[in-house]
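So the chains spell out like this:
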Amino acid sequence: MEDMIYIEDLLKFYLKRIGFVILVTLLFVELGLLKAENSYQEYYQESTTIILVNPVDEEGTQITGSGSLDKYLTLLESKKLATNVISNLQLDTSTSALLGQATFTMATNSQMITITISDESDELAASIANTYVAELKKEVNSIYRVDNIMVLDEAVPTNNKIITEKNNTLLFALAGFVISSGIIISIYCFNENIRIMLRKEPILGVEILKTTYFKKKENLFEINKKNQEKLKKIKSMLYKAQKENQIKTIMITSESNHFQSNYSVSLATSYIDITRKVLLIDCNRLGKLSQQNEEGLLDLIKAPANTFNNKLKKYTKYLEEVNIHLLPLGNLEKHDINEITDPNFIKVLSKIKDQYDIVFIEVPDVSSSFEGMVLSDLLDATIVVMNKNKVTTNKIKQFSDAIDKEKNKFIAIAPVKVKRSINIKKNNIFKKFTIKKKIHIFKKISLKKEKKNI
């Protein structure tokens, strides 16, 4: 799969995080309301009313009457008249700004027009309204050669202050929506890991499995049904490959040796539902499956051929709580890890395969460890356990290049997110206190002892 941006995936990613968008939008709305409470606009409004008489022009055509008021409104709303008013009063404003201050309304079934001006100065608002009337008279006289405008109410300063709130809540809400949506879209577009985990298509021939959540516990072999329920896809893949290609040995590795022990146990124990003969081999000196220097695989490699069966029974532990067999790594004080290159190791592995239906082998990072590189050429399939938030094409390529694809029937990435359980014992509660708190407690205890002695 090429690293592409899919609209369908982007929409899924966005909808899953719609709560974040709603939260940010609501926060911006609240910010807009707070700003509106402290933001006021103060201005004055003054009006003048004119009435139109019904004269005729030089040709005898009636100027006013039905539909003719529109001619006067058009003149009032024209930029030319606004320019004349600005020039007359020498105002420091533009024509569009002045027209924004003015409101022209005509009464129903009458020939009256009201001119209303809003301004920060009461006197200037009245002056602009009256000047509009004077300029309108000049313009009508110039066009129609008539004087038919009578002032009914002249605008005068009334000191009538109007206070309104500047409420930009809608703009704030829109800003919050755009910003939060932009953050989510940017995360999807620039985070390759997120796109890979959403699409889950094979990359470089490597299968991407469903994310598995693990809860780390002190007892590694404690059955965790929730972990096992997440392994249905890999189990079905293994079972199908096992039937078709006689896959028996599966290598489990990890990018940083942090997760595969949990994954190895969970996968091996969950496979009991399919077959009863399951073996888990520890070949990871950095893992947690074996105790230090207990006998196991390395000792079995050096054992005489006639004692193999007895030694295998001796070294293999049956874990009753999970119903699987475990073969430890071996005593590293007596043996070197490089002994897995011994020709006898292939014979040992072949004999083990004859006695079990499926064998899981845990190894260190296959891309950087010696034993991992050796075993990748011998085993049938590989599962790479990787941190859910760090799956990238480059890392997949790193593992893919380290594994012989001709000998491996398939390799798969198992994205894992580990939930760490915090277990604080009662006798360790004191460790939570800071140094100052500890000193304070010690002082109290010493004071109590002194009072008792007195």
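Here the structure is shown first, and the text comes after it.
Residues numbered from 1 in each chain as written. Predicted model: local features only at pLDDT ≥ 70, side-chain atom pairs only at ≥ 80, totals over all residues. Heavy atoms only, no water.

**Q** Lay out the overall build of the chain in plain terms, naming residues and giving numbers.
**A** Helix and strand counts for the chain stand at 17 helices and 14 strands. Classification of the 454 residues of the chain by burial places 43% in the buried group. A separation threshold of at least 6 residues defines the contact pool for the chain, and within that pool the share at least 24 residues apart is 79%. A total accessible area of about 26000 Å² is found for the chain, and carbon and sulfur atoms account for 52% of it. (Helix = DSSP H or I, 4+ residues; strand = E, 2+ residues; numbered from the N terminus. Buried < 20%, exposed > 50% of the residue type's maximum accessible area, 1.4 Å probe, protein only. Contact = heavy atoms within 4.5 Å. Areas by Shrake-Rupley, 256 points an atom, 1.4 Å probe, with all protein chains shown as cover.)

**Q** Give me the lowdown on the layout of surface pockets, citing residues and values where you can.
**A** In this structure, the largest pocket spans a volume of roughly 420 Å³. In terms of lining, the largest pocket is formed by 16 residues, of which the most central are Lys 16, Met 197, Leu 198, Lys 200 and Lys 388. Of all elements in the fold, only helix H1 (7–16) and helix H8 (192–199) reach the threshold of two or more residues within the lining of the largest pocket. Residue composition of the lining of the largest pocket, grouped by class: 5 nonpolar, 4 polar and 7 charged. (1 Å grid on protein atoms, 1.4 Å probe; cavity = no way out; pocket = protein on both sides within 12 Å on 5 of 7 lines; lining within 4 Å. Points joined across faces, edges and corners; volume = space filled by probe spheres on them. Nonpolar A, V, L, I, M, F, W, Y, C, P; charged D, E, K, R; others polar.)

**Q** I'd love a proper account of a nonpolar patch on the surface, names of residues and values included.
**A** Taken together, the side chains of Phe 20, Ile 179, Ile 183 and Ile 187 present a nonpolar region at the surface, about 320 Å² in accessible area. No other element matches the 3 residues that helix H7 (residues 169–190) contributes to the nonpolar patch. Here Ile 183 lies in helix H7. (Patch = residues over 30% accessible without salt bridge, like charges linked within 9 Å, V, L, I, M, F, W, Y side chains within 5 Å. Salt bridge = Lys/Arg side-chain N within 4 Å of Asp/Glu carboxyl O.)

**Q** An account of the nonpolar core is needed here, citing residue identities and associated values.
**A** Formed by 40 residues in total, the largest nonpolar core has its most connected members in Ile 352, Ile 361 and Leu 375. Setting aside anything within four residues of it in sequence, one finds Ile 361 in contact with Ile 250, Met 251, Ile 252, Ile 281, Cys 283, Leu 349, Leu 375 and Leu 379. With 32 residues, the next largest nonpolar core counts Leu 231, Met 237, Leu 238 and Leu 326 among its residues. (Core = buried A, V, L, I, M, F, W, Y, C linked by side-chain atoms within 4.5 Å.)

**Q** Requested: an account of the pattern of salt bridges, with residues and values cited.
**A** Within this structure, the stated rule accounts for 12 salt bridges. Here Lys 314 ties to Glu 295 by a salt bridge, and the two come within 4.0 Å at their closest N and O atoms. Pair noted here: Lys 314 is in helix H13 (residues 308–315) and Glu 295 is in the loop between strand S9 (278–282) and helix H12 (297–302), with a separation of 19 residues, a long-range link. Salt bridges sharing partners connect three or more residues here, namely Asp 9, Arg 199 and Glu 201.

**Q** Kindly report on unusual backbone geometry, identifying the contributing residues and their values.
**A** Despite not being glycine, Arg 145 has its phi angle at roughly 60°, a positive value. Although it is not a glycine, Asn 159 sits at a positive phi angle of roughly 55°.

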